[in-house]
Amino acid sequence: MKDDDSSTFGGGHNCHTCLGCNCLKPLPLLPQHLHTMKICRIFRGVYILVKIIRAMTCNEGLSNNFEATIISQHLNLEELPDRLTDYYSLWPSNIEFDKDKVIRLWIAQGFFDFEYGRGVEIVANKYFEDMLKVNRIVQSRFDMATGRIKYKVGSSCSNSWVQEAQLSSIAEEVQKLFLLSESFGKDTLKTLQKFNQLRTLVLSCRHKHSFKRVPDHLFLKMQHLRTMDLHATNITELPNSISYLSSLRYLDVSDTPIRLLPESIGRLWYLQILKLERCSNFSRLPYCTSKLVNLRHLDLNIVGQLRSMPVGMGNLTRLQTLKGFILGKGEGYGVRELRQLTDLCGSIQISRLENISSVEEAREVELNKKHLDKLELQWEHHQDDFPFLVEEILEYLQPHLSLKELQISFYNGSSFPTWMSNSYLSNIVSITLLECKSCIDLPFLGGLQSLKSLLLFRMYGVRSIDSRFCRYGGSQVGPAFPKLEKLKIDGMPKLEKWTGVKNGDFPCLLQLSVICCPKLVAIPMLPLLSALKILYISYCYELQSFPKGKLPSKLESLAISNCPLLKKRCLKLQGKDWSKIKHIPSIFIDREEMSST
């Protein structure tokens, strides 16, 4: 079975094993000098192009799908699925994994080692979907904590994890080692040194009391290692000798107590994936991070864990995954760094927006050219910038029209940008506005055709919700909020009136929560919400009663808390509004269950 090597144009002929086999000596990787790498890629592209032209001219007619021809000629489709299966099948059948992890491990091994930018991940994802169809990979469950599907290897796949006791019997030429251990003592780490042909090293420890520090000498002879997975071990630091892992593409130290990465990591020219998720002690990226010019995915809760970004992040022009960016002041720390990250996709949280000092700087970000799914724009809690400047800055932070989720936090302007109040965000499904304390009016959002979730927290300046929220200037055709399923209003202490809802608006609304609106007197549109199933009202001290007529017939759950006037009218049998709610199967008032039977 063939195994790719990044030094070859057509792939190497190296077999692999976990339990030992006749392995050929791996070919050396490309030279590490960046200019040499670029030259080699050019020659590799010429080589591939010659193969494509020859293949296409030998056919009776030219291919109708040029892109498919390129991919098939380079990847050798007859062999690639088996190589992919052979790699992920090394996991035990009871181990769950994310799709992204498998895809990135494939990429790190060079299975898709060609120059197509984000297309590499797209092609790899297509192969993953094909594996699902034939049950080589199967769905395990939906993880509520992460919102992702977990997968397992198919029952027909056999795993090759090695127990610690078997380590001494494994051939030194082994290229992929998946090692299970109780504690990873010094003897185990010493034995690992002999495997100097390793491409993949995955360590799994059953107990947290494993080694805390990797010995300096462990990495000295592992120049061919591409993938190193140390997640969920007990390491607190990595040695400077990690720079000897000159071929490393994938490094995972997630779920460890690691504090820092050594500055020598900047010599890992090939590093593509760096995972630091849930490392609670980690607080600073290395100063040399900008040297990792091939980095594609940086998995780290940046805003939650770091105080600032390393200088020159704009050099990482291949970055696709960057979950956060903390804006600073000075050359190499500002928004200009974000402008150069043109391949960003997925989600990103941009914080410390108060450090944007001019409209010109905001214009340079060019968020509308980044294909993001989720965007969070965040100012500091107590910033006192000039409202007019902040409004103009937000106007120029217009995202790409493909955006699906948007959150704006601690915004100090009095109005929202025009790009929120028109049909530009046609694909948006979720909007969250958090503590935009100076905003007097809510933006016109009723025309967003795909919006399903709208969460409004601590909007202290809003005094009324009127027709401009649903339809602005009569421009709205059809029902307002046609697909909205969840609406939550939490923390509008000045809100007194809620009007402007017409019959037919909110046709899909399933959940409505109105919390901490102490001056709100009435919610007159409730009978019009025909699809409503869950209604929660809390801390609305002035809310006196429900509107005339019964509440929606589909309502399944009603909870009222700390609303003394409304509670009095909804008491069982004796309350004047009891007839309006008695058809609801589940009723709780101040945590006491009310039943109609």
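You'll find the structure just up there.
None of these values were measured; they are calculated from a predicted model.

Engineer: Would you mind showing me how to read the pairing of strand β4 (residues 176-181) here?
Structural biologist: The element β4 is largely enclosed, with a buried count of six among its six residues. For strand β3 (residues 162-163) and β4, the ladder comprises two bridges, and the chain directions are parallel. Bridge pairing in β4 links glutamine 163 to leucine 180. The pairing of β4 with strand β5 (residues 200-205) spans six bridges and is classified as parallel.

Engineer: Help me understand the packing of aromatic side chains in this model?
Structural biologist: Within a pair of aromatic rings, the relevant descriptors are the distance that separates the centres and the angle that separates the planes. As enumerated under the stated definition, the model contains nine aromatic pairs in all. An angle of 55° between the planes, with centres 5.7 Å apart, marks the rings of phenylalanine 112 and tyrosine 127 as tilted. Within this pair, whereas phenylalanine 112 is found in the loop between α4 (99-108) and α5 (119-133), its partner tyrosine 127 is found in helix α5, the two being separated by 15 residues in sequence. Arranged with centres 5.4 Å apart and planes meeting at 50°, the rings of tryptophan 379 and tyrosine 411 form a pair that is tilted. Placement of the pair is tryptophan 379 in the loop between β13 (371-378) and α10 (387-395) and tyrosine 411 in the loop between β14 (405-409) and β15 (430-434), with a sequence separation of 32 residues. Residue class for tryptophan 379 comes out buried when judged on its relative accessible area of 1%.

Engineer: So what exactly am I meant to see when it comes to the pattern of salt bridges here?
Structural biologist: Between side chains of opposite charge, a pair can form when the charged atoms approach closely. For the coordinates displayed, the defined rule picks out 30 salt bridges. Two residues, glutamate 435 and arginine 458, come together in a salt bridge whose shortest N-O distance is 2.9 Å. Here glutamate 435, found in the loop between β15 and β16 (453-457), pairs with arginine 458, found in the loop between β16 and β17 (464-465); they are 23 residues apart in sequence, far enough to count as distant. On the basis of relative accessibility, which here comes to 15%, the residue glutamate 435 falls in the buried class. For aspartate 441, the salt bridge goes to arginine 468, with nearest N and O atoms at 3.6 Å.

Conventions used here
- Residues numbered from 1 in each chain as written.
- Predicted model: local features only at pLDDT ≥ 70, side-chain atom pairs only at ≥ 80, totals over all residues.
- Heavy atoms only, no water.
- Buried < 20%, exposed > 50% of the residue type's maximum accessible area, 1.4 Å probe, protein only.
- Helix = DSSP H or I, 4+ residues; strand = E, 2+ residues; numbered from the N terminus.
- Pairing = 2+ DSSP bridges.
- Phe/Tyr/Trp six-rings, centres within 6.5 Å; stacked < 30°, edge-to-face > 60°.
- Salt bridge = Lys/Arg side-chain N within 4 Å of Asp/Glu carboxyl O.

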